[in-house]
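# Observations on chain architecture
In case you want the letters, here they are:
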Amino acid sequence: MHVGVSRSTAEAAKMQSGESGAKGTVGAAGVEGVVVRKEGNDNVGILVIAHGSPRETWCEPVREVVRSVASELPYPVELGFLEFVPNETINIAVDRLDEHNVTKIVAVPLFISSHSGHMEEIKYVLRLRETPPESEMLTFVEGKPVRRSVFAVKGKCIIRREYLTPALTVKHTEEEELVPVNTTAEIILTDALDNSSLLAQTLAENAAELISEAENETVVFASHGCFNASYFEKWIKSHESLAEQIKLILRHRKGIPIEDVRFGFIHLPVVDNETVHPELGLRAVVENVSVNSTPVVVANMVSVGFFTKKYIPMLLENLTYKYNGSRALCPHENMVKWVEISANREISTFVLQIYDYDGETLLNITIEEVGEYHGEICPCVASSFRATQLAFSEFESIPVRGDIKVICAHPSKGHKQTFEYIFGSENLRIELPAGTDIVNLSVENYAYTFIQKSSGHEVRVEAREDIFPERFFDLRKKCKTGTATSEEKKAFKYAKEDLKSAFLYLPEARVFAFSSAFIFDTGEPANPYPSISGVHKGAIIPASNISVSKILIYPCVGTGGHAESVKIYNESFVAVGNWDGYQAGDWRIIEFEEPFTLFANETYFYEIRTGSYPQIHHKKALNAIGGWINCTSFVDANNRKHDDWIPAFKLF
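Residues numbered from 1 in each chain as written. Predicted model: local features only at pLDDT ≥ 70, side-chain atom pairs only at ≥ 80, totals over all residues. Heavy atoms only, no water.

## Section: the side chain of H51
As a reminder of what qualifies: By definition, any uninterrupted DSSP run of H or I lasting at least four residues is a helix, any uninterrupted run of E lasting at least two residues is a strand, and each is numbered from the N terminus. In this scheme, a residue with accessible area under 20% of its type's maximum is buried, one over 50% is exposed, and one in between is partly exposed, where area comes from a 1.4 Å probe on protein chains only. Counting of polar contacts relies on pairs of N or O atoms within 3.5 Å, with two restrictions inside protein: one atom must be capable of donating a hydrogen and the other of accepting it, and residues adjacent in sequence are counted only when both atoms are side-chain atoms. The contact definition used throughout considers only heavy atoms, calling two residues in contact when any of these lie within 4.5 Å.
Tracing the sequence through the fold places H51 in the loop between strand 2 (44-50) and helix 1 (56-72). On the basis of relative accessibility, which here comes to 17%, the residue H51 falls in the buried class. One polar contact links H51 to E83, side chain to side chain, over a distance of 2.7 Å. In this structure H51 touches W58, F81, L82, E83, F84, F111 and H118, once residues within four positions along its chain are discounted.

Here you go:
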């Protein structure tokens, strides 16, 4: 199956190398200026590896995951199966990546554990180990008992599958060669699922579907296990972490007060004819749980097949438990996210290019520098840095310090220090949404407006609501107010790590929504008084083309300053708008009768009739955000005339 995609990197040309004024290194820009690859000349490809099965019903959910990944990552993405699928091997997948001229391949193994003979086989195929691995195990293929052996013979590495009778005599044999890939690309192999938080979340969701009396139920997640005793100890360690995470997710994110979470294995090692950890066999665990609780069994397996549908029920025959054999990990959306995060963690770093105040010195600011300045790379640093990268990708040129104004809706020190480090404190303003503060936050606080003053280019970036773990803000508030239990504190710690990984490594479209437009904004003066209502007249020359449908009048604090009517015109057109009164919505805003465009460097005239006390720039002329404005006359409510009263407003 060919699921490769590629995305234009034309935006990368905007990023220029230059003399560094910060501690970061110069790198070539990645797609849309968001992710910068560690080596500027790398062409990256993603290889997802799965075990494979003779049954299409097992393979197709894996393909579905990979197709989703391919539609979202800005790299070619291919799927390769270790065995059973001759037209979709690892070798074929690597050959297809080579067709994209990749110089680096990130291989993501969609396997439960990083510790198994299968992983050694994958390393051999990827040329990450020189000698062929050797192993032997008894397993099942489509419900048939099979002795699977891997061994070297005559310079080749062979998988031999001996299909057995019930008496364990050989009925027939299949062989498949493991061939090292032929590529000059560097290959990086990531970890498997292990104790990934996204794996824990998926198992928790699958369990939640079955839970009805949580206080009297215990989740038992069932895994293959392995026959190698040294590997098995690592399986146990990762499964202990998974069990803790699942319990915390169910109890404190989903509000399901589950009694406990346990795990059991289908396969256990045997050493000197003694079974290792027999108490961790799936049947033994379910029997033990059944004494005082109802077992809720979920399959910790990549896809639905013989083991989920038949073998687990066979092992648990005559026991009472809840189970859905049609649920596995793929094609759950969390598996898509896991592949994306695993790949991006290996190939991405984060760099912002910005000219210093002199407009000539090009700085390369890394997230590591910002993290050092703040004390850590926390979710707030990750979110604000990544949002800044997205905003920079929308600007037509590399911005200059002092020319960017940032309005942030989040009051945390992490946000403040990130923006201060990049832009300087004088260019940052914190504006909290109504009802929020440092303790009471919501998704609305993860919103940022970046304004390029010279051009009037405004980019608004907002975090998507579904990026946040369930009950994230409730847990945070409890921790901030000192009312959290020790379990809730631990649950919030995991949730913060999940949020940070999402902000850093998920594709930007999953993380943020954004809008980009050009505005004209006089801004709010430091001293808006004296103020009075009247009729303002003057001229505007925009720096860029501006699409206009609204005007916002800035009122003096504590007043109802507004515009009664607005007219903007030149020789060829007239745009008018009238106030609707102090009604529901933002009474400061007037919508024009028809949207219109102000063209760059052309002169337009304005006539604004105000009421109450609008903010005033007491100047004859002003270099505003997005252009120039002057005052030709202002006649106040007392019929006095002025030539240096410019109303504070925003056209957008």
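Picking up where we left off.
## Here we look at the pairing of strand 11 (residues 260-267)
We apply this condition: A pair of strands counts as paired when DSSP detects no fewer than two bridges linking them. With the strands aimed away from the viewer, a crossover counts as right-handed if its path from the first strand over the helix to the second runs clockwise.
Among the 8 residues in strand 11, 6 count as buried, and that is most of the element. Looking at chain direction, strand 10 (residues 217-225) and strand 11 are connected through 7 bridges and run parallel. Bridge pairing in strand 11 places A222 opposite G264. Considered for its hand, the β-α-β crossover made up of strand 10, helix 5 (residues 229-253) and strand 11 is right-handed.

## Quick look at the packing of aromatic side chains
Applied cut-off: Classification of ring pairs uses Phe, Tyr and Trp, with its six-membered ring standing for Trp, and accepts pairs whose centres are within 6.5 Å; under 30 degrees between planes counts as stacked, over 60 as edge-to-face, and the remaining range as tilted.
Enumeration according to the criterion identifies 37 aromatic pairs in this entry. On the numbers, 5.4 Å between centres and 40 degrees between planes, the contact of F140 with F306 is tilted. Taken as a pair, F140 in strand 5 (residues 135-141) and F306 in helix 7 (residues 306-315) lie far apart in primary sequence, 166 residues in all. Here F140 falls in the partly exposed class, since its relative accessible area comes to 24%. Measuring from centroid to centroid gives 6.1 Å for F468 and F503, while their planes differ by 80 degrees, and the two rings are edge-to-face. Within this pair, whereas F468 is found in the loop between strand 22 (457-463) and helix 12 (472-481), its partner F503 is found in helix 13 (residues 486-505), the two being separated by 35 residues in sequence.

## Focus: unusual backbone geometry
Working note: non-glycine residues mostly have negative phi, and peptide bonds are mostly trans. Across the junction of C330 and P331, the peptide omega takes the value 10 degrees, indicating a cis bond. Tracing the chain through its elements places P331 in the loop between strand 15 (322-323) and helix 8 (333-347). Phi is positive for R127, close to 65 degrees, though the residue is something other than glycine. Counting through the fold element by element, R127 comes out in the loop between helix 3 (117-125) and strand 5. Judged by relative accessible area, R127 falls into the exposed class, the value being 52%. Positive phi, normally seen in glycine, also occurs at N601, with a value near 65 degrees. Position of N601 among the secondary structure elements: in the loop between strand 29 (589-598) and strand 30 (604-611).

## Regarding helix 10 (residues 379-394)
What counts is decided by this rule: For a helix, the expected span equals 1.5 Å multiplied by the number of residues minus one.
An ideal rise of 1.5 Å per residue puts 22 Å on 16 residues; helix 10 measures up with 23 Å between its terminal C-alpha atoms. Counting buried residues in helix 10 gives 15 out of 16 residues, a clear majority hidden from the surface.

## Some remarks on the pairing of strand 2
Most of strand 2 sits inside the fold, with 7 of its 7 residues counted as buried. In strand 2, alternate side chains face the same way, and those of V44, I46, V48 and A50 on one face and G45, L47 and I49 on the other are all buried. Of the pairings in the sheet, the one linking strand 2 to strand 4 (residues 104-109) comprises 6 bridges and is parallel in character. Note on strand 4: the bridge partner recorded for L47 is A107. When strand 2 meets strand 3 (residues 77-81), the two strands line up parallel, connected through 5 bridges. Bridge pairing in strand 3 links I46 to V77. In terms of handedness, the path from strand 2 via helix 1 over to strand 3 forms a crossover that is right-handed.

## Focus on the nonpolar core
For clarity, the cut-off: Buried Ala, Val, Leu, Ile, Met, Phe, Trp, Tyr and Cys residues form a nonpolar core when they are joined through side-chain atoms within 4.5 Å.
I46, Y446, F450, F468 and F503 are the most contacted members of the largest nonpolar core, which totals 115 residues. Counting residues per element, this core draws most heavily on helix 5, at 9 residues. With sequence-adjacent residues up to four places away left out, F468 is seen in contact with V443, Y446, A463, F473, L499 and F503. Core analysis: the second largest hydrophobic core is formed by 29 residues, I532, L598, Y606 and F649 among them.

## Observations regarding the packing of helix 4 (residues 197-208) against helix 8
The line we're drawing: Between N-to-C directions, angles span 0 to 180 degrees; the directions come from axes that are lines fitted to C-alpha atoms, helices contributing only their stretch in contact. Any angle between 65 and 115 degrees counts as roughly perpendicular, while under 35 counts as roughly parallel, over 145 as roughly antiparallel, and the rest as oblique. Classification convention: Asp, Glu, Lys, Arg as charged; Ala, Val, Leu, Ile, Met, Phe, Trp, Tyr, Cys, Pro as nonpolar; all other residues, Gly among them, as polar.
In contact at an axis separation of 9 Å, helix 4 and helix 8 are set at 180 degrees when each is read in the N-to-C sense. Put simply, helix 4 runs roughly antiparallel to helix 8. Taken together, the residues of helix 8 that come into contact with helix 4 (itself represented by L198, L199, Q201, T202 and E205) are N334, M335, K337, W338 and I341. Taken together, the residues of the contact of helix 4 with helix 8 break down into 5 nonpolar, 3 polar and 2 charged.

## Examining the sheet that holds strand 2
Ordered by their spatial adjacency, 4 strands build an open sheet running 3-2-4-9, and the pairing between neighbours is parallel. Because the sheet does not close on itself, it has two edges, and the strands there are strand 3 and strand 9 (186-189). This sheet shows a mean twist of 25 degrees between the axes of neighbouring strands, independent of strand direction. Alignment of strand 4 against strand 9, held across 4 bridges, turns out to be parallel. By the bridge assignment for strand 9, I105 is matched with I187. The strands that helix 2 (residues 90-99) touches are strand 2, strand 3 and strand 4; relative to strand 3, the one it contacts most, it runs at about 165 degrees.

## Brief notes about the environment of N364
Locating N364 in the fold gives a position in strand 18 (residues 362-366). Relative accessible area serves as the criterion here: at 0%, N364 is assigned to the buried category. Measuring from C-alpha to C-alpha, the distance between N364 and A517 comes to 26 Å, with 153 residues separating the pair along the chain. Here the side chain of N364 touches Q353 through a polar contact of 2.8 Å, side chain to side chain.

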